[in-house]
4 protein chains.
Amino acid sequence: MHHPRHKTSQTQFQLERFTFFTDGVFAICITLLVIEIKVPNRDELGIFTDASLWKYLSHASLKFLGFLISFGIIGHYWSVHHRIFGYAVNYTYGLIWINLAFLFSVVLLPFSSGLLGEYNSDTNMFLPYGVYVANMCFTGTMNCWLWLYISKPERNLLTHRISHARIQLGLYRSMVIPVIFIVALGFSFFLPVVSRFIPVLIPVILHWGMKGLEKKADRKDANVIETHHHETSSDG
Amino acid sequence: MHHPRHKTSQTQFQLERFTFFTDGVFAICITLLVIEIKVPNRDELGIFTDASLWKYLSHASLKFLGFLISFGIIGHYWSVHHRIFGYAVNYTYGLIWINLAFLFSVVLLPFSSGLLGEYNSDTNMFLPYGVYVANMCFTGTMNCWLWLYISKPERNLLTHRISHARIQLGLYRSMVIPVIFIVALGFSFFLPVVSRFIPVLIPVILHWGMKGLEKKADRKDANVIETHHHETSSDG
Amino acid sequence: MHHPRHKTSQTQFQLERFTFFTDGVFAICITLLVIEIKVPNRDELGIFTDASLWKYLSHASLKFLGFLISFGIIGHYWSVHHRIFGYAVNYTYGLIWINLAFLFSVVLLPFSSGLLGEYNSDTNMFLPYGVYVANMCFTGTMNCWLWLYISKPERNLLTHRISHARIQLGLYRSMVIPVIFIVALGFSFFLPVVSRFIPVLIPVILHWGMKGLEKKADRKDANVIETHHHETSSDG
Amino acid sequence: MHHPRHKTSQTQFQLERFTFFTDGVFAICITLLVIEIKVPNRDELGIFTDASLWKYLSHASLKFLGFLISFGIIGHYWSVHHRIFGYAVNYTYGLIWINLAFLFSVVLLPFSSGLLGEYNSDTNMFLPYGVYVANMCFTGTMNCWLWLYISKPERNLLTHRISHARIQLGLYRSMVIPVIFIVALGFSFFLPVVSRFIPVLIPVILHWGMKGLEKKADRKDANVIETHHHETSSDG
């Protein structure tokens, strides 16, 4: 795409703005998510005793749980973005737009999550959960694209060469959330109660299920660096 | 205007605050845009089935499309601001105020865009679209001014000399969005359906329509650097 | 106050967080100000023609003007904060708390400004304008305090010694807005129409009325540097 | 946990994003807190005179006081976070998640604080205050955990070795707010009026009550550095 004709000394500064803008959007999203939990209006709802307030709050607890999950997921995607850009030393205009599309999918999460919270108790409705899962798939796919775009060796956007195994690890990791939610959506038609607990698998898989692949990536990365050293020294 | 008597070593830090404040405003604007899409209240609207929710959501899809477009446009203006300040090494108080006026126009976009979304289905109303186009023209003009102010060689705010062709390229680029929207507004009186699709031209023109001008700017920039080198070496 | 036992190499990083946190609060405040202008609900207000929308918008224009003024004032205070911290190389816990109090006064501005906007047309009410002016005085005073605290030579928080004339200039500048608003409040009892136009004086005084004092500060600053050089060279 | 395979030259940049994301969340939280104070709607509430507006505002003043306290507490926690990360030179994925949990507790504060504000005048209700205190305890505990995690010598996340006395000082400091609020909650059953004034102790204890411990920490820190120097020189 159009390459900017900026001085190379400005690249670090430009990349910082890029990531801080992203951080700003994430920070607002993650905060607004919880701000959605409205304080119950005393006079409107006729809440004048601890018992009635407790009833209201315990009724809202499922909604609250939904927000907690969405908070965790947005937090997770931020940490993934943080990890991805830990490798970056350059950017392109294409990357800016993929990132904007990724942010668009993140910015929709409070809406999908709020929709799910509002219609959570209606066990006969599947659409709210469908919208939520669709959003998760959108975010997961954009996350994938971001990683594939930035890690492509020909683009020279990274600090150092990384192994193919590490690129694949990032790919698998970004697919965990969408895949688990699609499975949970499928189960929701037959076993709605079981389906609610399937997302618990996400942290388990992300933490323990990836250990083997991570070790492989570490081993391969070491090789890449060695090969690279060899090439450089044989060049010199 | 009043020149600050700060140490020159602080300039980079001051410029960073300048751009991060701008990024903050952009991040909030772009997030609040989508947050405007409210979760439909179940009890108020009597939505108890997937069918009625689907009806509600599909009805809101035009509104949603409007927000997608505004998200893209705010994202575009952020990327333009990002590109402009990639050249900057200094600032003035005049620049701070032009930037604030630019931000003011950006901050109004969620309102104009929300107004258009609310009255989108009323094909007999032209005012909402008029307000939206007026806002686009305001933002485009401020963007122009920002670029002309910062790129003026006498002000010495840039990292390096850039050609007149590049300055003009920036000018044309910032005019694309307002001009297209004015054309679309004109068409909306005669061919309302065609008019809705005219903004699709924006990414097309910004991406392909500028190729020739960009090559020219690249060629001229190379000349500027060469001439500058000559001057410097003949000076020495 | 409690002095942090951080490494001195971290001071720049800590100061950056300090200012970026401040920028974040300013960015949110200035954006939320304009976001307060609500899109008129079509069905609730029965707006189905351009004429009725135009009537609504022109009715809201006074409110809009109020927001424009508040946007300008918050923007001004940001630029003043930006200017003050252009001199800073260090901070104390006392400064963090004065800054938080300053931010508190800024964060209240959307409320006071919204109150004024809501009750603007009631010429028999003085309280909304009183609250607004009180908030302006609060912000101006905190701004003063921030500047006096940071510029006190004994605290060693600045990049270099500045003259007493420059410290006074900053003091006068931060008093302009509160003083003008108090005068306007006074006039509002006798000449309500004239009173509305008095704040127009603010940019005039800040821009032209301070020229003489600025030149004096420049001259004195040059002396300070010279004296300081002399002292240093006679020490060596 | 999974250690990122980033270049070490990127660590500073990654840590900056980490803290700026946190600052963003804090900035939004602290701003939204005050934004909750709604402008009274003139027509809905029938406020057409200064007297009726004054009545409304004075009625809301208790609510306002609650927001002031919450503003101070969020500001305090930000300053503590700022102080903690003044020691940090590295991070782990574990730290990212503890920080997210800490932010989650902070993000809930506007809700608990709003709940308390809404039900403040009902002296027969204890639940709102209970929720508020529970939130304070949650935030205090996460703050503790953050400090214990980052200060653990084996993790090597700090700029330099700090004494055990300083680690304990941080621990005590983060417990002051939760402990005071638990005491205040206890008193609220017997002496509700006295109970309201107990939180006034917080700044007193944080400012004067810690002087002795601080001096001890300073003395011990000096020892640590000396011992460390000895060790290093005897190693060499």
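In this numbering scheme, every chain counts its residues from 1 along its sequence in written order. Whichever chain is written first becomes A and whichever ligand is written first becomes 1, with later ones labelled in order. The predicted nature of this model means local features are confined to residues of pLDDT at least 70 and side-chain atom pairs, given and counted, to a pLDDT of 80 or more, with totals for whole chains, interfaces and linings taken over all residues. With hydrogens and water excluded, all non-hydrogen atoms of the structure serve as input to the side-chain values.

(A) Local environment of the overall build of chain A. Counting from the N terminus, the helices are the DSSP runs of H or I reaching at least four residues and the strands are the DSSP runs of E reaching at least two. Counting its regular elements, chain A contains 11 helices and 0 strands. Ordered by position from the N terminus, the helices and strands of chain A form the series α-α-α-α-α-α-α-α-α-α-α. Principal-axis analysis of the C-alpha atoms places the extent of chain A at approximately 80 × 40 × 30 Å. Under the scheme applied here, a residue whose accessible area is under 20% of the maximum for its type counts as buried, over 50% as exposed, and between as partly exposed, the area being computed with a 1.4 Å probe on protein chains only. A total of 236 residues make up chain A; the buried ones form 55% of that total. In what follows, a contact means two residues having at least one pair of non-hydrogen atoms within 4.5 Å. Long-range pairs, those at least 24 residues apart, make up 79% of the contacts in chain A with a sequence separation of at least 6. The charged-residue count follows a simple rule in which Lys and Arg add positive charge and Asp and Glu add negative charge, with His and chain termini not counted at all. Lysine's charge is taken at NZ, arginine's at CZ, aspartate's at CG and glutamate's at CD. Computing the positive centroid from 19 side-chain charges and the negative centroid from 15, chain A places the two 5 Å apart.

(B) Here's a closer look at the relation of the copies chain A and chain B. You can overlay chain A on chain B at an RMSD of 0.0 Å; the transform is a turn of 90 degrees with a shift of 0.0 Å along its axis. Taken together, these values place the two copies in the relation of a four-fold axis. Taking C-alpha positions as reference, the residue of chain A nearest the rotation axis is G24 of chain A, located at 4.3 Å. In this comparison the copies share one frame, found by least squares on the C-alpha atoms of residues holding pLDDT of at least 70 in both.

(C) Region of the structure containing a positive patch on the surface. Every patch collects residues that have over 30% relative accessible area and no salt bridge, joining them within 9 Å if they carry like charges and within 5 Å if they are nonpolar side chains (Val, Leu, Ile, Met, Phe, Trp, Tyr). Method for areas: the Shrake-Rupley scheme with a 1.4 Å probe, in which residue coverage is limited to the protein chains shown. Any carboxyl oxygen of Asp or Glu within 4 Å of a side-chain nitrogen of Lys or Arg constitutes a salt bridge here. On the surface, K38 of chain A, K38 of chain B, K38 of chain C together with K38 of chain D cluster together to form a positively charged patch. Structurally, K38 of chain B can be placed in the loop between α1 (11–35) and α2 (42–45).

(D) Seen up close, the interface of chain A and chain B. On the side of chain B, 51 residues touch chain A, which itself brings 41 residues to the contact. Here the quantity called buried area is the total loss of accessible area, with a 1.4 Å probe, experienced by two parts when brought into contact, counted for both. Carbon and sulfur atoms supply 67% of the area buried between chain A and chain B, which totals about 4200 Å² over both sides. Our count for the contact surface shared by chain A and chain B stands at 1 salt bridge. For R17 of chain A, the salt bridge is made with D23 of chain B, and the minimal N-O distance between the two is 2.6 Å. If you list the elements that add at least two residues to the side of chain A that touches chain B, you get α1 (11–35), α5 (93–107), α6 (109–118) and α7 (127–151) of chain A. Under the scheme applied, nonpolar residues are Ala, Val, Leu, Ile, Met, Phe, Trp, Tyr, Cys and Pro; charged residues are Asp, Glu, Lys and Arg; polar residues are all the others, including Gly. In terms of residue class, the side of chain A that touches chain B is made up of 27 nonpolar, 8 polar and 6 charged.

(E) Representation of the packing of aromatic side chains within the structure. Think of it this way: a Phe, Tyr or Trp ring, Trp meaning its six-membered ring, pairs with another when their centres are within 6.5 Å, and the plane angle makes it stacked under 30 degrees, edge-to-face over 60, tilted otherwise. All chains considered together, the criterion is met by 56 aromatic pairs over all chains. On the basis of an interplanar angle of 80 degrees and a centroid distance of 4.8 Å, the ring pair of F20 of chain C and F20 of chain D is categorised as edge-to-face. Note that F20 of chain C is positioned in helix α1 (residues 11–35) and F20 of chain D in helix α1 (residues 11–35), a pairing that runs across two chains. Like F20 of chain D, F20 of chain C is buried.

(F) Inspection of the interface of chain A and chain D at higher detail. Between chain A and chain D, the residue contacts involve 51 residues of the former and 41 residues of the latter. Both sides of the chain A and chain D interface together cover about 4200 Å² of buried area, and 67% of this is carbon and sulfur. Sorting the residues of chain A by area buried against chain D places V39, R42 and H82 of chain A first, and these three jointly supply 15% of that buried surface. For the pair chain A and chain D, the number of links is 1 salt bridge. Any pair of N or O atoms that falls within 3.5 Å is considered a polar contact. Within protein, one atom must be able to donate a hydrogen and the other to accept it, and sequence-neighbouring residues count only if both atoms are side-chain atoms. The interface formed by chain A and chain D holds 9 residue pairs in polar contact (both at pLDDT 80 or more) in total. Contributing elements (two or more residues each) for the side of chain A that touches chain D: α1, α3 (50–59), α4 (61–85), α8 (164–190), α10 (201–209) and α11 (211–235) of chain A. At 14 residues, α1 of chain A tops the list of elements feeding residues into the side of chain A that touches chain D.

(G) How the structure looks around the arrangement of the chains. Chain A makes no contact with chain C; the smallest distance between any of their C-alpha atoms is 9 Å. Chain B shows no contact with chain D. Their nearest C-alpha atoms sit 9 Å apart.

(H) Quick look at the packing of α1 of chain D against helix α4 (residues 61–85) of chain D. Residue and element names in this part refer to chain D. Convention adopted: a line fitted to C-alpha atoms gives each axis, helices being fitted over their contacting stretch, and angles between N-to-C directions are expressed from 0 to 180 degrees. Relative to each other, α1 and α4 sit at 170 degrees, their axes nearing to 9 Å. Comparing their axes, α4 and α1 come out roughly antiparallel. Along the contact surface, α1 presents F18, T19, T22, D23, F26, C29, I30, L33 and V34, while α4 presents F67, S70, F71, I74, G75, Y77, W78, H81 and F85. By residue class, the composition of the contact of α1 with α4 is 12 nonpolar, 5 polar and 1 charged. In what follows, roughly perpendicular refers to angles from 65 to 115 degrees, roughly parallel to angles under 35, roughly antiparallel to angles over 145, and oblique to any angle outside these ranges.

(I) How the structure looks around a nonpolar patch on the surface. Residue and element names in this part refer to chain D. Where nonpolar side chains cluster on the molecular surface, the patch consists of F126, M175, V179, V183, F187, F189, F190, L191 and V194 and spans about 810 Å² of accessible area. Ranked by residues supplied to the nonpolar patch, first place goes to helix α7 (residues 164–190) with 6 residues. By secondary structure assignment, the location of M175 is in helix α7.

(J) Broad picture of the environment of K152 of chain B. One can find K152 of chain B in the loop between α6 (127–151) and α7 (164–190). Spatially, the C-alpha atom of K152 of chain B lies 9.6 Å from that of H164 of chain B, the residues being 12 residues apart in sequence.

(K) Geometry of the side chain of H82 of chain B. With respect to the helices and strands, the residue H82 of chain B is situated in helix α4 (residues 61–85). If near-sequence neighbours (up to four positions away) are discounted, H82 of chain B is found in contact with Q14, R17, F18, Y91 and I96 of chain A.

(L) Focus on the relation of the copies chain A and chain D. Its rotation angle being 90 degrees, the transformation that places chain A on chain D also includes 0.0 Å of axial translation and leaves an RMSD of 0.0 Å. When you check the interface residues of chain A against chain D, a mere 8% turn up at the interface there too, and the two sides of the contact use different surfaces.

(M) Region of interest: the confidence of the model for chain A. pLDDT is a per-residue confidence score from the predictor, ranging from 0 to 100. The predicted model of chain A averages 84 in pLDDT, with 93% of residues at 70 or higher. Looking over chain A, one finds the lowest element-wise mean pLDDT in α11 of chain A, namely 69, and the highest in α5 of chain A, namely 94.

(N) View of helix α6 (residues 127–151) of chain D. Here a helix's expected span is defined as the number of its residues, less one, multiplied by 1.5 Å. In a regular helix each residue adds 1.5 Å, so 25 residues correspond to 36 Å; α6 of chain D covers 36 Å between its end C-alpha atoms and thus fits that length. Here α6 of chain D lies mainly inside the structure; 18 of its 25 residues are buried.

(O) How the structure looks around the packing of α4 of chain A against α6 of chain A. All names here are of chain A. Contact geometry of α4 with α6 gives a least axis separation of 9 Å together with a crossing angle of 155 degrees. Our classification of the angle between α4 and α6 gives roughly antiparallel. For the pair α4 and α6, the sense of crossing is right-handed. Residue-level contacts link K63, G66, F67, S70 and I74 of α4 to L109, S113, G114, G117 and E118 of α6. In terms of residue class, the contact of α4 with α6 is built from 3 nonpolar, 5 polar and 2 charged. Take the far helix as the reference: if the near one is turned anticlockwise from it by less than a right angle, the crossing is left-handed, and if turned clockwise, right-handed.

(P) Examining the pattern of salt bridges more closely. With the rule as written, the count across this model stands at 20 salt bridges over all chains. E154 of chain A is the partner of K152 of chain A in a salt bridge, and the nearest nitrogen-oxygen pair spans 3.8 Å. Put simply, E214 of chain B and R173 of chain B hold a salt bridge, and the shortest N to O gap is 3.2 Å. With E214 of chain B in helix α10 (residues 211–235) and R173 of chain B in helix α7, this residue pair connects regions lying 41 residues apart in the sequence. For the pair formed by E214 of chain B and R173 of chain B, the shared burial category is buried.

(Q) Spotlight on unusual backbone geometry. The residue N156 of chain B is not glycine, and still its phi comes out positive at about 55 degrees. On the basis of relative accessible area, N156 of chain B is assigned to the exposed category, the value being 61%.

(R) View of the side chain of Q10 of chain A. For Q10 of chain A, the location among the structural elements is in the segment before α1. Setting aside residues up to four positions removed in sequence, Q10 of chain A forms contacts with F85, G86, Y87, A88 and T159 of chain B.

(S) Summary view of the environment of L68 of chain A. All names here are of chain A. One can find L68 in helix α4. What makes L68 partly exposed here is its relative accessible area of 36%. Separated by 130 residues in sequence, L68 and I198 have C-alpha atoms that sit 15 Å apart.

(T) Molecular detail of the environment of S188 of chain A. Residues and elements named next belong to chain A. Inspection of the secondary structure puts S188 in helix α8. Expressed as a C-alpha distance, the spacing of S188 and N124, which sit 64 residues apart in the sequence, is 10 Å. Apart from residues no more than four positions distant in its own chain, S188 is found in contact with F126, Y129 and S195. Looking at S188, its side chain comes within polar contact range of the main-chain oxygen of L185, at 2.6 Å.

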